[in-house]
Amino acid sequence: SIGIAPTKTLAKAASEYAKKHPESKGVHSVLEDEKRQALLEWLPASDVWGFGRRSNAKLREYGITTAAALASANPAWIEKTFSIRGRRTQIELGGTSVLGLDIEYEPQKSLARMRSFGHTVKQCYELEGAIAAFTASASTKLRRADEVATAVVTFIQTGRHAAVQHSVSASTILGEGSADTAVLMKAALQNLNQIYDPDFGYKRAGVVLTGLVPTSAWQPSLLRSHDDMTDQR
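Residues numbered from 1 in each chain as written. Predicted model: local features only at pLDDT ≥ 70, side-chain atom pairs only at ≥ 80, totals over all residues. Heavy atoms only, no water.

(A) Structural view of unusual backbone geometry. The phi torsion at Lys-25 lies on the positive side, around 55 degrees, for a residue other than glycine. For Lys-25, the position within the fold is in the loop between α1 (8–20) and β2 (27–29). (Helix = DSSP H or I, 4+ residues; strand = E, 2+ residues; numbered from the N terminus.)

Next up, the structure:
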């Protein structure tokens, strides 16, 4: 469905209207004031983009059940109750655009996978299994984003209530940027072997892929062999 409106919030609402009204054939425009008001009276306040169902109880407490009532509510109360974000949404319902368009993609600088264990982990093979799973999950997301990582960080920590606190990490800088699960997992497990100490019990572990670069921007070297693809630090 497609919503056409002067603001992002209204466009989202118009898209919802088009989705639920087959006669609109998938497109709904609210460029005129009359159509905008009709849309606001149709749309439940709890379905307004930026508010959501968790705000519904507070809205109903003050008799606000439609987007139209939300748009005409006291601005000072809206900002006090729902922060400046709620106030901006209210302004957008009135037809004034204050939320910019997200046109440019900001690539992420790192990608992490980590978890706290339900029990203290002392065996290395258990940590290896967790680190391998984290790396596989992160690698999948990296490929979906069409990016490669140039470094891998592995960390392990004891619990907050351990008699002796122990938190360590190790990193591997890759000779070639990669999103290959095998390459990244090898580096992550090499890191783990450097920092694992059988004298400690660990409650948390994780993998962080860093130095992320779009695949299209990475120029692989033609002079390096596969065996030289990692440089340990």
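(B) A look at the environment of Gln-90. Relative to the elements of secondary structure, Gln-90 occurs in helix α5 (residues 75–93). Sequence-wise, Gln-90 and Ala-68 are 22 residues apart; in three dimensions their C-alpha atoms are separated by 9.7 Å. Sequence-distant contacts of Gln-90, that is, excluding residues within four places in its chain, are made with Leu-70, Ala-71, Ser-72, Ala-73, Asn-74, Pro-75 and Ile-78. A polar side-chain atom of Gln-90 sits 3.0 Å from the main-chain carbonyl oxygen of Leu-70. (Contact = heavy atoms within 4.5 Å. Polar contact = N/O pair within 3.5 Å; in protein donor to acceptor, adjacent residues only side chain to side chain.)

(C) Fine view of the pattern of salt bridges. Counting across every chain of the model gives 3 salt bridges. Between Glu-16 and Lys-19 there is a salt bridge, with its nearest N and O atoms 3.3 Å apart. Residue Glu-16 and its partner Lys-19 are both found in helix α1; the two are separated by 3 residues, about one turn of the helix. What makes Lys-19 exposed here is its relative accessible area of 54%. Among the salt bridges present, the one from Lys-58 reaches Glu-61, with a minimum N-O distance of 3.9 Å. Here Glu-61 and Lys-58 lie together in helix α3 (residues 56–61), a separation of 3 residues that amounts to about one turn. Here Lys-58 falls in the partly exposed class, since its relative accessible area comes to 35%. Glu-61 sits in the exposed class, given a relative accessible area of 55%. (Salt bridge = Lys/Arg side-chain N within 4 Å of Asp/Glu carboxyl O. Buried < 20%, exposed > 50% of the residue type's maximum accessible area, 1.4 Å probe, protein only.)

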